[in-house]
Each structure stands twice: as structure tokens, then as C-alpha cells.
Amino acid sequence: MKKVLGWSLLFLLVFWIGTSPGPAADVARSLGQGVADIFSNIGTFFVELSDG
């Protein structure tokens, strides 16, 4: 059942990207920016921690 669900989700993702690439790119850009912000904040935390 997991394989069927996984393949179905993959198919829907590819279909969504194929039919509306603009909004799909916006979502991908937002997710990427969110991940970058997380790692930047982790780096800031350790810098502040080491400064005492």
C-alpha cells in the first residue's frame, strides 16, 4: 500500500509541475528559502553560543 501511495504522490507532483510550472516553482523557491533560513539561524545560534 505504501508503494502505491508513494507512486501516486510522485505522479501527482510531476503532473502538477507539468501543468502549472509557475506556481510549482514558487512553492519550491519558498521551501528552499525556508530551509536556508533554518540553517542560517542554526549557524547564528552557534556563533552567539561561542561568543559567550
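One numbering rule holds for all chains: residues counted from 1, following each sequence as written. Local features in this predicted model are restricted to residues whose pLDDT is 70 or higher, and side-chain atom pairs enter the listing and the counts only when it is 80 or higher, whereas totals over whole chains, interfaces and linings include all residues. Side-chain metrics rest on all non-hydrogen atoms present in the structure, leaving aside hydrogens and water.

**Q** How should I be thinking about the overall build of the protein chain in this particular structure?
**A** Only DSSP runs of H or I reaching four residues or more are called helices, and only runs of E reaching two or more are called strands; each is numbered from the N terminus. Each helix and strand counted, the protein chain has two helices and zero strands in total. Each radius of gyration reported is based on C-alpha atoms, and the globular scaling rule is 2.2 Å times the count of residues to the power 0.38. Computed over the C-alpha atoms, the radius of gyration of the protein chain is 18 Å, more than 25% above the 10 Å expected from 2.2 N^0.38 for a compact globule of 52 residues. The principal-axis extents of the C-alpha atoms in the protein chain amount to approximately 50 × 30 × 5 Å. Per-residue burial over the protein chain gives 4% buried out of 52 residues. Accessible surface, the protein chain as shown: approximately 4700 Å² in total, 74% of it carbon and sulfur. Each residue is assigned to one of three classes by its accessible area relative to the maximum for its type, calculated with a 1.4 Å probe on protein chains only: buried under 20%, partly exposed between the two thresholds, exposed over 50%. Computed by Shrake-Rupley with a 1.4 Å probe, the accessible areas treat only the displayed protein chains as cover when residues are assessed.

**Q** Looking at this structure, I do not really get the packing of aromatic side chains. What am I missing?
**A** Side-chain rings of Phe, Tyr and Trp (the six-membered ring for Trp) are treated as a pair once their centres are within 6.5 Å; stacked means planes under 30 degrees apart, edge-to-face means over 60, and tilted covers the remaining angles. Counted by the stated rule, this structure contains two aromatic pairs. When the centroid spacing of 6.4 Å and the interplanar angle of 20° are considered together, the rings of Phe 11 and Phe 15 count as stacked. In this pair, Phe 11 and Phe 15 are both assigned in helix α1 (residues 2–19), four residues apart and thus about one turn of the helix distant. Residue classification places Phe 11 among the exposed residues on the basis of a relative accessible area of 56%.

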